[in-house]
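This is what each chain is made of:
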Amino acid sequence: MDDHLRRVPRAMSRRHAPHPRPRSVAVVGGGMVGLATAWHLARGGATVTVLESRHVAAGASWGNAGWLTPAKTTPLPEPAVLRYGLRSLARPSSPLYVPVRADPRLLRFLAGFARHCTDRAWARATAAYAPVNAAALDAFDELAQQAPGLAQDSADPFLMVFRSVAERDAALADLSRTPGAHAAGHEVLDGDEVRRIQPSLSQEARAGIALHGQRYIDPPAFMSALADAVRALGVEISEGVAVTSVRGDGEQVLLTDGTGEGRRFDAVVIATGAHLADLARAHGVHRLVQAGRGYSFTVAGEQIPTGPVYFPTQRVACTPVRVAGQPRLRVAGMMEFRRPDEPLDPVASPRSSQPPAACTPGSTSRTVTTSGSARARARPTGCR
Ligand SMILES: Cc1cc2nc3c(=O)[nH]c(=O)nc-3n(C[C@H](O)[C@H](O)[C@H](O)COP(=O)(O)OP(=O)(O)OC[C@H]3O[C@@H](n4cnc5c(N)ncnc54)[C@H](O)[C@@H]3O)c2cc1C
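What comes next is a walk through the structure. Note that the structure is a prediction, hence the values are computed from the model and not measured.

A word on the environment of Leu89
- Tracing the chain through its elements places Leu89 in helix 4 (residues 79-89).
- Its 11 C-beta neighbours within 10 Å are what place Leu89 among the exposed residues.
- The sequence separation of Leu89 and Val100 amounts to 11 residues, and the corresponding C-alpha distance is 9.6 Å.

Quick notes on the sheet that holds strand 3 (residues 67-68)
- Pairing is antiparallel across the open sheet formed by three strands, whose spatial order is 3-9-5. In this open sheet, the two strands that pair with only one neighbour each are strand 3 and strand 5 (153-154).
- Here two bridges tie strand 3 to strand 9 (residues 215-216), and the two strands are oriented antiparallel to one another. Paired with Leu68 across the bridge in strand 9 is Arg215.

As for the environment of Glu236
- With respect to the element layout, Glu236 can be found in strand 10 (residues 236-239).
- Classification of Glu236 as partly exposed rests on a count of 13 C-beta atoms within 10 Å.
- Each C-alpha atom of the pair Glu236 and Ala38 lies 9.7 Å from the other, and the pair is 198 residues apart in sequence.

Description of the sheet that holds strand 1 (residues 24-28)
- With parallel pairing, the four strands of this open sheet are ordered in space as 10-2-1-14. At either margin of the open sheet sits one strand with a lone partner, and together these are strand 10 and strand 14 (267-270). If you compare each strand with its neighbour and ignore which way they point, the axes differ by 20° on average.
- Sheet topology places strand 1 next to strand 2 (residues 47-52); five bridges connect them, and they run parallel. The residue bridging Val28 from the neighbouring strand is Leu51, located in strand 2.
- Packing of helix 2 (residues 32-43) onto the sheet brings it into contact with strand 1, strand 2 and strand 14, and relative to strand 2 it is tilted by some 170°.

The rules behind the values
- Residues numbered from 1 in each chain as written.
- Predicted model: local features only at pLDDT ≥ 70, side-chain atom pairs only at ≥ 80, totals over all residues.
- Helix = DSSP H or I, 4+ residues; strand = E, 2+ residues; numbered from the N terminus.
- Buried ≥ 20, exposed ≤ 12 C-beta atoms within 10 Å, placed from the backbone.
- Pairing = 2+ DSSP bridges.
- Axes fitted to C-alpha atoms, helices over the stretch in contact; angles between N-to-C directions.
- Contact = placed C-beta atoms within 7 Å.

Take a look at the structure:
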């Protein structure tokens, strides 16, 4: 485990002089990335402090769909997505929302996105994802071995559902060029077979794909268990501390928070999700990170699917979760290219993730799981 800390200086030494092994490390951001990083650093022997502006999992790590699906994790920019995006702009019901306004940053992002929507760029990025995707589930196994509360559910099969065979065949063509999906294996299903796997689906479900070897988590429960596991390793998690600046003096880094208080560490990890650029830009990270905001809500129902169900055409994700021990269905979707902290847009909100008619889990009530904000979780993965 000690190797975890040694690997960082070796990688950096290509461009910089070797760094001494850091003893104290600050991790800014208490989401999935920040806490998982803190966990590894603490196991490697560092004294770790997590500084989180609100509370653990205040960002996208709370409200997401919880899929661990490396077999279908591919770069978003591709020729079909560009065509889809252009068509979507005119459709009020589209899950994609691009605000019409003179925002130079957004225009720069969209221009770059469009430039990368080529088969060549897609293949190059897919090849770059491949080793990460191949290691992803092992990394979750490593977490679960140390803390049983971090076990994940098997999504076998991970079910993709379509209203027509033509829609399914288009998705099959995409899967066939995704190395991970090929390795995981999948089956082509008709409507009856889809309903045999998830009887809660209606007759509108006419075709499907069963993707094997994938997993899912209940995000709020997982994040709470991850925070416990991190604290058990001696990590201090300071909530309500918004870091406003990160400065280095060659020896140490000085972090300042909103109250002006300064703290010194040997090293810092910035894991602030969609807010990455706020602190990282000053340190040479010029990659444009555009929030692709998504939304989720959680409903009670008579018949909750027993595993994740994805409606690719509508871009709607459904995942079984538990709220206060009771089974619920989380419905997630949308991609809005807006700033992470912008308020809910009344123009965009009617588009938000409505389960398609094929999904009739017999929902009896729509239960917003936290004080009115469960629908609004910014997704910081606009470049996915
Ligand atoms: C609707 C939706 C569905 C999704 N579904 C999936 C899915 O099924 N599978 C999947 O793999 N991914 C999914 N994602 C993406 C996934 O949620 C994110 O990639 C992931 O949660 C990012 O984690 P993070 O730790 O980088 O960011 P975050 O969870 O956003 O955490 C960043 C944290 O940093 C804190 N912070 C920000 N600025 C500061 C500061 N200056 N000082 C201190 N703290 C700060 C924030 O409060 C926040 O808690 C989904 C996203 C959304 C929105």
